[in-house]
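Chain residues, written in single-letter form:
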Amino acid sequence: MQIEQHDGGRTSPRTTSEEGYRRGLSARQVQMVAIGGAIGTALFYGSSTAIARVGPSLIALYAVGGVVVFFIMRALGELIIYRPVSGSFADYAREFFGPFAGFTTGWSYWALWITACMSEVTAAGHYINFWWTGIPVWTTAAAALAVLFIANLVSVKIFGELEVWFSTVKVMAIIAMIVIGVGVLIFGFSAAGDTASLAHLWSDGGFAPRGAWRSMLAMQVVIVAYVGTELVGVTAGEAENPRQTLRKAINSLPVRIGLFYVGAVIVLLSVFSWRQYTPGVSPFVQVFAYVGIPGAAGIMNFVVLTAALSSCNSGIYCTGRMLRDLAANGEAPQTMGKLDDRQVPRHALVLSTLVMGAGVIVNVISPDKAFLYVTSVATCAGLWTWVVILAAHLRYRTKVRAGALPAADFRMPGAPITNWITVAVLGAIVVIMAIDADTRLALYIWAIWIALLGVGYQLTKRTGS
């Protein structure tokens, strides 16, 4: 299977019909994959730390980040309508910028989800220990990884159905918190009603109590929380009627971001002053417990466990497809490109899951320095992927204007100006990472990673993989 076909001397990119996948993901499942990619543990658990750092200005950061992600997804959506393939942004990088760009994007995105799964499945082990404290974390983490691996191995439909249930739990938790919070604000029930007020958004030190610059430094944390929204593009090769299904999933993104992030944080910061939230403790737990919901900690532990399993489920799916795409283009061992009788990339899934399992052991044994270096790659890989999407979209539009490629009927609003504005925002985040001593390391590790990929690319050219 090659990325190019030759027809009368003309070279054209591989199309989705040649990939060999079974179109087993329904419109409902793709919608839930998109929702699952947009909602992670960062909202349920990590937002308390972000609130402590920047106060109510977190609302503005999530809103700005949401606009950035919207334009990225619309750029990706236009590319998908033009040519829906499971390799997605790696294929588009390869088509518009050459094989090394595709190689770098594919392997970087594979590494992003490998490290994300290592972190999430280890966290899942800790969440399971909330109920069964005597079981070692590595055991519960390994069991969770094994179950998700088997589900992905059996059928793409099983992966999709799991994501439906995982996403449903996350959505219900957010809606419940918003409804309860609005009820406290309007009707004043429970002890929280005595002090709940929208005035909390500006009265306790102002909207940006730590200062505008401190808020800007936190922007990269917010952007990282949105990494995963682009995952829906990888489903293009297995979605039923991908052009229609993915169009709907991408168009609903602003509503999801507005409700699940901006809306949820507005309610959280109205029920309590930002100073009352404890870093490292889920703000959802604090609200539920104060309102008097029995077993609030246990309920939210289940929700956060679901979010972690959802992320890992998506990661296993994505890494298998991305590795297979790399193999199909001679950029990974050819055996990784094979499909089994169920049209599942078994070898790619097995290898990816084994690497995740090894990472879980390393993370449990040595959770500090070693794992920090690895996850640094993931942070920059997310930004790289988004820039590649925007740049490929610009190149695609140029070719459309030249009459070399057909125009898609699902266009990114305001392009190319919105492309450059979005790239500028992502560039500013990289500058912020360079200024902040806590995140500067990620850029050093990324430079090393790119150098390693350069060496790897030369080796694949020589050996022919």
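Figured I'd write up the structure that's included with this text. (Residues numbered from 1 in each chain as written. Predicted model: local features only at pLDDT ≥ 70, side-chain atom pairs only at ≥ 80, totals over all residues. Heavy atoms only, no water.)

Description of the overall build of the protein
And step 1. Looking only at helices and strands, the protein features 18 helices and two strands.
And step 2. For a compact globule of 465 residues, the expected C-alpha radius of gyration is about 23 Å, and the protein comes in at 22 Å, within 12% of that figure.
And step 3. Principal-axis analysis of the C-alpha atoms gives the protein an extent of 75 × 50 × 40 Å.
And step 4. When burial is assessed residue by residue, the protein has 56% of its 465 residues classed as buried.
And step 5. Sequence-distant contacts in the protein: of pairs separated by 6 or more residues, those separated by 24 or more amount to 80%.
And step 6. Approximately 18200 Å² of the protein is accessible, and the part contributed by carbon and sulfur atoms is 68%.
And step 7. When the 32 positive and 23 negative side-chain charges of the protein are each reduced to one mean point, those points stand 3 Å apart. (Helix = DSSP H or I, 4+ residues; strand = E, 2+ residues; numbered from the N terminus. Rg over C-alpha atoms; globule rule 2.2 N^0.38 Å. Buried < 20%, exposed > 50% of the residue type's maximum accessible area, 1.4 Å probe, protein only. Contact = heavy atoms within 4.5 Å. Areas by Shrake-Rupley, 256 points an atom, 1.4 Å probe, with all protein chains shown as cover. Lys, Arg positive; Asp, Glu negative; His and termini not counted. Charge placed at Lys NZ, Arg CZ, Asp CG, Glu CD.)

Notes on the packing of helix α3 (residues 58-82) against helix α17 (residues 417-435)
And step 1. Taken N-terminus to C-terminus, the directions of α3 and α17 make an angle of 130°; their axes are 10 Å apart at the nearest point. What the angle tells us is that α3 and α17 run oblique. The element α3 and its partner α17 pack so that their crossing is left-handed. In this structure, α3 uses Val68, Phe71 and Ile72 to contact α17, whose residues at the interface are Thr418, Thr422, Val425 and Leu426.
And step 2. Residues of the contact of α3 with α17, tallied by class, amount to five nonpolar, two polar and no charged. (Axes fitted to C-alpha atoms, helices over the stretch in contact; angles between N-to-C directions. Parallel < 35°, antiparallel > 145°, perpendicular 65-115°, else oblique. Left-handed = near helix turned anticlockwise from the far one by under 90°. Nonpolar A, V, L, I, M, F, W, Y, C, P; charged D, E, K, R; others polar.)

Side note on unusual backbone geometry
And step 1. For the peptide bond that leads from Ala415 to Pro416, omega is 5°, which places it in the cis range.
And step 2. Tracing the backbone through its elements, the reader meets Pro416 in the loop between α16 (369-401) and α17.
And step 3. Phi is positive for Asn241, which is not a glycine, with a value near 45°.
And step 4. By the element assignment, Asn241 lies in the loop between α10 (219-226) and α11 (242-251).
And step 5. The backbone of Gln343 shows a phi angle near 60°, a positive value even though the residue is not glycine.
And step 6. Its place among the elements puts Gln343 in the loop between α14 (296-328) and α15 (346-365).
And step 7. What makes Gln343 partly exposed here is its relative accessible area of 21%.

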